[in-house]
Amino acid sequence: MDSIKQAVELARAADVHHPGTLSGPPLAADGSLHSSAESQHNEVRLRADHLEANRIVAYGTSGKNGRYYDMLRTQVLQEMDKKSWQFLAVTSPTAGCGKTVTACNLALSISRLPERSVLLVDLDLRRPAVGKYLGISGNGAVLNVLEGRTPLSSAVVQASVGPNRMLVLPGSVSSNSSEWMASQTMGALLQTIKRDFRSRIVIFDLPPLLLGDDVISILPRIDATLLVAGVGSTSVSDIKECQKHLQRTPVVRVVVNKVTETGGPYYGYY
Ligand SMILES: Nc1ncnc2c1ncn2[C@@H]1O[C@H](COP(=O)(O)OP(=O)(O)O)[C@@H](O)[C@H]1O
Ligand SMILES: [Mg+2]
């Protein structure tokens, strides 16, 4: 009888830790994932032609569009440094505004600064695209880490282009995106990233803010947000709706993406 009672209690405890059907790895005593600090990451050399074909242009110093991302980088870093912030989320009201393109370009632009290092994390479990745009196959992607199949250090890839390097945690699709984002395991993953990559700026490519509760769940753990609005796809009421959700997380910049050449620069920001 005692053993049945014990099993029920254990099952209840498991429910609290892993809501729904999610099953994460056992956590360390401090609530983080077991993981070794920055170490042996798989290395991938990024191809310039692949990057260009996917509008990823900030890997080198040449080119007008790359320079816009360098300006954005400097402004974002100035804001983050003032407050000693480490975690930056990139989101948008709806899909297709250019979050992933912006996140990848910003990360590459930061990686070119000699005294800076960056980790780009794809946390869009609905439509992950960081790996596709950078040309990194999804070996050991984020879901493997959340489900305890791969340690964080093995899932993180070192991506290099020319002399510059950045770390990338590629994404993966999950039909339980909303539940994962709200889970204790996700909290543990973010805590582990903070501990193991504390010298790096961490950029999270997130799903759209208004298409579910994924982003709202994770915002309390994020230091600052970059909101990407797409010309032609984002309305003023979308932005106002986003502002309501972003009251407690500072918005460092609003990028107005997809501005046409005739109407001004490739993209603008405010
Ligand atoms: N500044 C831009 N000008 C033109 N097309 C863009 C621009 N930024 C992104 N795109 C294109 O828009 C589409 C959606 O971009 P993506 O970054 O995947 O959006 P999101 O991550 O917000 O869904 C992609 O085909 C991308 O190449
Ligand atoms: Mg995307």
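This is a predicted model, so every value here is computed, not measured.

What about the overall build of the chain?
- On a plain count of helices and strands, the chain comes out with 11 helices and nine strands.
- Counting over 270 residues, the chain shows a buried share of 53%.
- Sequence separation of 24 or more characterises 79% of the internal contacts of the chain that already satisfy a separation of 6 or more.
- Counting every atom, the chain has about 12,600 Å² of accessible surface; 52% of that belongs to carbon and sulfur.

Observations concerning the packing of aromatic side chains
- Under the definition given, this model contains one aromatic pair.
- Centroid distance Phe-87 to Phe-204: 5.0 Å. Interplanar angle 75°. Geometry classified as edge-to-face. A residue pair is termed long-range when its members are at least 10 positions apart, and Phe-87 in strand 2 (residues 87-91) and Phe-204 in strand 6 (residues 201-205) qualify at 117 residues.
- What makes Phe-87 buried here is its relative accessible area of 1%.
- Residue classification places Phe-204 among the buried residues on the basis of a relative accessible area of 0%.
- The ring of Phe-87 carries Lys-194 above its face, with NZ or CZ at 4.3 Å from the centroid.

A few points about the confidence of the model for the chain
- In this model, the chain carries a mean pLDDT of 87, and residues with pLDDT of at least 70 account for 86%.
- Under a pLDDT of 50 for its full length, residues 1-19 has, in the predicted model, four contacts with residues more than four places off or in other chains.

A few points about unusual backbone geometry
- Residue Ser-84 is not a glycine yet carries a positive backbone phi of 55°.
- In the Ramachandran plot, Lys-258 falls in the positive-phi region, its phi being about 70° despite a non-glycine side chain.
- Residue placement: Lys-258 occurs in the loop between strand 8 (251-257) and strand 9 (268-269).
- Since its relative accessible area comes to 44%, Lys-258 is described here as partly exposed.

Some thoughts on the pairing of strand 8
- Note that strand 7 (residues 224-230) and strand 8 share six bridges and pair parallel. Bridging across to strand 8, Thr-225 finds its partner in Val-251.
- Handedness of the crossover is the feature at issue here: the chain leaves strand 7, passes through helix 11 (residues 236-245), returns alongside strand 8, and the resulting connection is right-handed.

So, the site of ligand 1
- Not every one of the 12 residues close to ligand 1 is listed here, only the nearest: Gly-96, Lys-99, Thr-100, Tyr-133 and Asn-257.
- Here an oxygen atom of ligand 1 and a side-chain polar atom of Lys-99 are 2.8 Å apart.
- Within the side chain of Asn-257, a nitrogen or oxygen atom sits 2.8 Å from a nitrogen atom of ligand 1.
- When the free accessible area of ligand 1 is taken as 560 Å², the share hidden by the protein chains comes to 76%.
- Per element, the largest residue contribution to the shell around ligand 1 is three residues, and it comes from helix 4 (residues 99-111).
- Of the residues belonging to the shell around ligand 1, the class tally is five nonpolar, four polar and three charged.

Focus on helix 3 (residues 64-82)
- A rise of 1.5 Å per residue sets the reference length of helix 3, with its 19 residues, at 27 Å; its end C-alpha atoms lie 28 Å apart and thus fit the reference within 8%.
- Among the residues of helix 3, those classed as buried are Asn-65, Gly-66, Tyr-68, Tyr-69, Asp-70, Leu-72, Arg-73, Val-76, Leu-77 and Met-80.
- Just downstream of helix 3, Ser-84 is the residue with a positive phi angle, here 55°.

What about the pattern of salt bridges?
- Taken as a whole and judged by the stated rule, the model has 10 salt bridges.
- The closest approach of N and O atoms between Arg-149 and Glu-147, which form a salt bridge, is 2.6 Å.
- One continuous salt-bridge network, built from bridges that share partners, spans Asp-30, Arg-195 and Asp-196.

Here we look at the packing of helix 3 against helix 4
- Close contact between helix 3 and helix 4 brings their axes to 9 Å; oriented N to C, the two are set at 80°. Here helix 3 lies roughly perpendicular to helix 4, going by the angle between them. Here Tyr-69, Asp-70, Leu-72, Arg-73 and Leu-77 of helix 3 lie close against helix 4, whose contacting residues are Val-101, Thr-102, Asn-105, Leu-106, Ser-109 and Ile-110.
- Here the residues of the contact of helix 3 with helix 4 sort into six nonpolar, three polar and two charged.

Here is what the cut-offs are and how they apply
- Residues numbered from 1 in each chain as written.
- Chains lettered and ligands numbered in written order.
- Predicted model: local features only at pLDDT ≥ 70, side-chain atom pairs only at ≥ 80, totals over all residues.
- Heavy atoms only, no water.
- Helix = DSSP H or I, 4+ residues; strand = E, 2+ residues; numbered from the N terminus.
- Buried < 20%, exposed > 50% of the residue type's maximum accessible area, 1.4 Å probe, protein only.
- Contact = heavy atoms within 4.5 Å.
- Areas by Shrake-Rupley, 256 points an atom, 1.4 Å probe, with all protein chains shown as cover.
- Phe/Tyr/Trp six-rings, centres within 6.5 Å; stacked < 30°, edge-to-face > 60°.
- Lys NZ or Arg CZ within 6 Å of the ring centre and 35° of its normal.
- pLDDT = per-residue confidence, 0-100.
- Pairing = 2+ DSSP bridges.
- Right-handed = clockwise from strand over helix to strand, strands pointing away.
- Near = heavy atom within 4 Å.
- Polar contact = N/O pair within 3.5 Å; in protein donor to acceptor, adjacent residues only side chain to side chain.
- Nonpolar A, V, L, I, M, F, W, Y, C, P; charged D, E, K, R; others polar.
- Expected span 1.5 Å × (residues − 1).
- Salt bridge = Lys/Arg side-chain N within 4 Å of Asp/Glu carboxyl O.
- Axes fitted to C-alpha atoms, helices over the stretch in contact; angles between N-to-C directions.
- Parallel < 35°, antiparallel > 145°, perpendicular 65-115°, else oblique.

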